[in-house]
Amino acid sequence: MSIDKIHMKIGKKRIRVFYTSDVHGSEVCFREFLSAGKVYGADIIIFGGDLSGKLIIPIVKVGADHYNTTFQGRNWDISGSQELDNLIKKIRFTGLYPFLMESSDVGKFDSQAEKDRLFVRLLTESIDEWVKLADERLKDSDLKCLIMPGNDDPTEIDPILAKGTRILNPDRKVIDIDGTYELASCSYGNLTPWQCPRDIDEAELADKIESICSPVTSFESAIFNFHVPPYDSGLDTAPKIAGDLKVIAEMGQPVMIPVGSRAIRESIETHQPMLGLHGHIHESRGTTTIGRTLCVNPGSEYGEGILHGAVVDLEGGKVKSHVLTSG
Amino acid sequence: MVWIAVSYIWALSIFPGSMFDVSLVLATIFCLFNAVLFAQFASMMPRSGGDYVFNSRGMTPSLGFMFNFSMVVWNMFWTAYTCWILSTVTASSAFTIIGAATGSEYWTNLGAAAATPGTSFIIGAIVILFIGLITYLGIRPFFRVMKVAFALGMLGIFALMFVLATSSQAQFVKVFEGFVGAGGYQNAIKTATENGFTLGAGNWESTFLAISIAFQPLGFSIWSSYISGEIKDAKRFRINALAIVGSLVVMAVFLLIFWYLSVAVFGYDFMGAIGYLYYNVPASSPLSIPPGVQFFGSLLAQNLILNLIIAIGFIAWAFLYAPQSMLMVVRCMTAWTIDRLAPKKLGEVNPRYHTPTWSIILATILSLGFLAFFVFTTGWFSIYGFNAFLGGGTLTFIAVAISGIIFPYRKSTKQIFESSPANQRLAGIPWLTINGIVTLLFMGYVTYLYLMPWSGVATEASLGFMIGVYVLGLVLYLVARAYQKRKGVPVELIFKEIPPE
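Residues numbered from 1 in each chain as written. Chains lettered and ligands numbered in written order. Predicted model: local features only at pLDDT ≥ 70, side-chain atom pairs only at ≥ 80, totals over all residues. Heavy atoms only, no water.

### Notes on the pattern of salt bridges
Residue and element names in this part refer to chain A.
Then, number 1: On inspection of all chains with the given rule, the structure shows 21 salt bridges over all chains.
Then, number 2: One salt bridge connects Asp105 with Lys108, and the closest N-O pair in it is separated by 2.9 Å.
Then, number 3: Classification of Lys108 by relative accessible area gives exposed; the value is 53%.
Then, number 4: A salt bridge links Lys163 to Asp128; its shortest N-O distance comes to 3.5 Å. Of this pair, Lys163 sits in the loop between helix H4 (157-162) and strand E9 (167-168) while Asp128 sits in helix H3 (residues 112-137), placing them 35 residues apart in sequence.
Then, number 5: Accessibility expressed as a relative area gives 56% for Lys163, which makes it exposed.
Then, number 6: Several salt bridges converge on common partners, so that one network encompasses Asp158, Asp171, Arg172 and Arg198. (Salt bridge = Lys/Arg side-chain N within 4 Å of Asp/Glu carboxyl O. Buried < 20%, exposed > 50% of the residue type's maximum accessible area, 1.4 Å probe, protein only. Helix = DSSP H or I, 4+ residues; strand = E, 2+ residues; numbered from the N terminus.)

### What to know about the interface of chain A and chain B
Then, number 1: At the interface, 43 residues of chain A touch 42 residues of chain B.
Then, number 2: Where chain A abuts chain B, roughly 3900 Å² becomes buried across the two surfaces, and 58% of that area is made up of carbon and sulfur atoms.
Then, number 3: Where chain A touches chain B, the interface holds 0 salt bridges.
Then, number 4: Run the count over chain A and chain B and you get 8 residue pairs in polar contact (both at pLDDT 80 or more).
Then, number 5: Every element with two or more residues in the side of chain A that touches chain B is listed here: strand E2 (14-20), helix H1 (27-40), helix H2 (81-93), strand E15 (253-254), strand E20 (308-315) and strand E21 (318-326) of chain A.
Then, number 6: A total of 7 residues in the side of chain A that touches chain B trace back to one element, the largest contributor, which is H1 of chain A.
Then, number 7: Taken together, the residues that form the side of chain A that touches chain B break down as 15 nonpolar, 14 polar and 14 charged. (Contact = heavy atoms within 4.5 Å. Buried area = accessible area lost by both parts, 1.4 Å probe. Polar contact = N/O pair within 3.5 Å; in protein donor to acceptor, adjacent residues only side chain to side chain. Nonpolar A, V, L, I, M, F, W, Y, C, P; charged D, E, K, R; others polar.)

### What to know about the side chain of Ser104 of chain B
All names here are of chain B.
Then, number 1: Note on placement: Ser104 falls in the loop between helix H4 (61-102) and helix H5 (105-114).
Then, number 2: A polar contact of 3.3 Å, which involves the side chain of Ser104, links it to the backbone nitrogen of Tyr106.
Then, number 3: From its side chain, Ser104 meets the backbone nitrogen of Trp107 in a polar contact 3.3 Å long.

### Some thoughts on the nonpolar core
Then, number 1: In this structure, Phe33 of chain A together with Tyr8, Phe172, Phe266, Phe270, Phe296 and Trp336 of chain B are the most contacted members of the largest nonpolar core, which totals 207 residues.
Then, number 2: Not counting residues up to four positions away in its chain, the partners in contact with Phe270 of chain B are Phe172, Phe176, Tyr185, Ala188, Ile189 and Phe296 of chain B. (Core = buried A, V, L, I, M, F, W, Y, C linked by side-chain atoms within 4.5 Å.)

### Side note on the packing of helix H8 (residues 169-180) of chain B against helix H15 (residues 293-301) of chain B
All names here are of chain B.
Then, number 1: The geometry of H8 relative to H15 is characterised by a closest axis approach of 9 Å and an angle of 95° between their N-to-C directions. On the basis of their axis angle, the class for H8 and H15 is roughly perpendicular. Mapping the contact onto sequence places Gln171, Phe172, Val175, Phe176 and Phe179 in H8 and Phe295, Phe296, Leu299 and Leu300 in H15. (Axes fitted to C-alpha atoms, helices over the stretch in contact; angles between N-to-C directions. Parallel < 35°, antiparallel > 145°, perpendicular 65-115°, else oblique.)

### With respect to a nonpolar patch on the surface
Residue and element names in this part refer to chain B.
Then, number 1: Taken together, the side chains of Val148, Leu152, Leu155, Leu304, Ile305, Leu308 and Ile312 define a hydrophobic patch exposed on the protein surface, amounting to about 590 Å² of accessible area.
Then, number 2: Mapped by element, the contributors of at least two residues to the nonpolar patch are helix H7 (139-165) and helix H16 (304-338).
Then, number 3: Top contributing element to the nonpolar patch by residue count: H16, with 4 residues.
Then, number 4: Relative to the elements of secondary structure, Leu304 occurs in helix H16. (Patch = residues over 30% accessible without salt bridge, like charges linked within 9 Å, V, L, I, M, F, W, Y side chains within 5 Å. Areas by Shrake-Rupley, 256 points an atom, 1.4 Å probe, with all protein chains shown as cover.)

### A few points about helix H9 (residues 184-194) of chain B
All names here are of chain B.
Then, number 1: Among the residues making up H9, those that are buried are Gly184, Tyr185, Ala188, Ile189 and Ala192. The arc enclosing the buried residues of H9, seen along the axis, measures out at 145°, which places them on a common side. Looking at H9, the residues exposed on the side facing more than 90 degrees away from the buried face are Gln186, Lys190 and Glu194.
Then, number 2: Count one or two residues on from H9 and you reach Gly196, which has phi positive near 105°. (Arc of directions from axis to C-beta.)

### Overview of the packing of H4 of chain B against helix H6 (residues 117-136) of chain B
Residues and elements named next belong to chain B.
Then, number 1: For the pair H4 and H6, the least separation of the axes is 8 Å and the interaxial angle reads 130°. What the angle tells us is that H4 and H6 run oblique. Crossing of H4 over H6 shows right-handed handedness. Residue-level contacts link Thr79, Ala80, Cys83, Trp84, Leu86, Ser87 and Thr88 of H4 to Thr119, Ser120, Ile123, Gly124, Val127, Ile128 and Ile131 of H6. (Left-handed = near helix turned anticlockwise from the far one by under 90°.)

### Let's talk about the packing of aromatic side chains
Then, number 1: Evaluated as defined, the whole model comprises 55 aromatic pairs over all chains.
Then, number 2: With 4.5 Å between their ring centres and 15° between their planes, Tyr185 of chain B and Phe270 of chain B make a pair best called stacked. Of this pair, Tyr185 of chain B sits in helix H9 while Phe270 of chain B sits in helix H14 (residues 268-280), placing them 85 residues apart in sequence. For the pair Tyr185 of chain B and Phe270 of chain B, one class covers both residues: buried.
Then, number 3: Summarising the aromatic geometry, the rings of Tyr278 of chain B and Tyr279 of chain B are spaced 5.0 Å apart at their centres and angled 90° between planes, so their arrangement reads as edge-to-face. Here Tyr278 of chain B and Tyr279 of chain B have matching classes, each one buried.
Then, number 4: One aromatic cluster is present, built from ring pairs that chain together Phe30, Phe38, Phe41, Phe54, Phe215, Phe220, Phe397, Phe407, Phe442 and Tyr450 of chain B.
Then, number 5: The ring centre of Tyr188 of chain A lies 4.3 Å from the NZ or CZ of Lys208 of chain A, which sits over that ring. (Phe/Tyr/Trp six-rings, centres within 6.5 Å; stacked < 30°, edge-to-face > 60°. Lys NZ or Arg CZ within 6 Å of the ring centre and 35° of its normal.)

Here is the structure:
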């Protein structure tokens, strides 16, 4: 696999990077991401994976201007276009995909294949809108915007991201920033209980990472933008999941275990880049160091419309400072 | 549940004539609003840290830190206090009863020694060190200890319930007088009356004042929101509400059952009188150890095995409460380090057990310090002095209540509320706001009660200490921000809100 190396010019002594990930369909978080450059004074904004939402919320038209759905564990019986718009907004806010349907269409989506097709359709439509939104919002700006998919994102979104004129998908590429920093990116992750589109086994992931890293000339000032955090780093602590995908709890508390990637940990231990940017595990917000590498996982509260991120200042080939933000 | 041992006697001796069952019911009803408020916040912002998370966003980061700092300090205090109570009340009465049941002087002397400063410090310190150790060893051993403690604690509670339910007041008078001497039961009531104690129930003023005591076992069911925030679930609010509200209701039911059993078996006037004598006229008290329901129940049991089950059960409750306080403290410290408000060292996780070593060490040392403070100083922490902690606690609850009132209306937080499962309204008014208003009024009332002369908070020194903790929290916040800023860390961005355009 040949890895592209792309040159990016910022031309500043101190470069401010804003990193976030895992908005999972939350429109408000994506909009906040696009605003983050201005609010935090960043030169580059990086989205580290998992744009896709997780569920469809069907809204059934049950009368002339009357609708019904179940959302957030309660039944919504609404009338009129204003109430419908508000509900759709609420659903989108939390990262879910509202789907308006006639009551006669309810049975059409009983099969898993139909559901999957509908999900990909709604997802790609949403990403398409987001790409257009990003192009529009960033058209007069010098801000560099990198948007990478994550293990949850189907490969169908890659061509949509490629259509963006003001965004760049850094996945499986190395971006040379001002000839000082090299950003290597990987959207793939180790296997999860959910069998996500970009889940691969550790051996394959290790090969992919090595291949991605091959154009990097100096790891001393390199940045790994790998969606999955390194194994057992404290940035990858998640609830233990049983075979039926339910959280295993003891005394009412979930049993927490490390679920990150061993291949990514090995790669960080071997190459010792300057910085590791990770997401994937929403509940494991924090920073840690592995050898000389500062690793960051800002966590995610996309469902609450809160954009967690990391602001990292780079200067002289080093990380000058970093903070986790909660925008 | 350990409150069953002491709260009735405290209530009746401090507020003679109070109908404590009414106080308990009123406190439960009002604490429900606070419990639901915390459950709503935990469902809107599922992150460990409790009030720190809620107030940092609901009000301002500085106030969020200040109130949480106070909560953390008082929880270390609480860890120490629980261990002190373990020694001076539960262990001392258990040893005394075993001594009486077996005729062993050794156990009787040990019972008396457990209530003395030296021994209670040693016992308390051993327990604090043990709690520090299990917190360090990770969440699984921690919850294993909690599981065992819970099982033993419940066994003790049911054993005590069985003893009280199958005993009469005549039986109690007989065993009590067998322990303190003939006529001891009536003498206690008579001596207390001669020394100013008022007999009889039915005083409404005392009933409302006794809410301050009823609040103590009921007000802190919100603990789970401090440690289990990060797991997302569509039905999160229901889970949170079930955990927080459920534990409050279960606690209230047990307190009421034991109240009615205690009044029936020990006698209303006796419970107030014996507490009054022990705490106010110790020279005339027939008991050398603090009177408690589990102590009297154990006297009644007349069976070594039942005595041991009750004793171990009540000791086990300390191993449930104190570790929870310690874990809450450690989680909050970790949350501070993520926001660069505490030294990085406090957030460093040891590779083997995945626990923040330095936070645990600091919390353990400070808890030991508070224990020493309790044990070796006088005047400060008389039996009611610990209400300074509750004063500290209620002020934090007031802050959360204010956050709850304004959260649905603030521009920066409105959307979080509206998209959350907590978005429920009554006549168009968000329940979050309603819960906030009721909590504000209730916690304001409880705070007022703690600031009354009887509580100990109102002494110049303890009031100064309580205010000092808040001031220190604010100063630490400002110092941390200034220090990070000087290092070039853009701390002003940590809580900067992004307008969703």
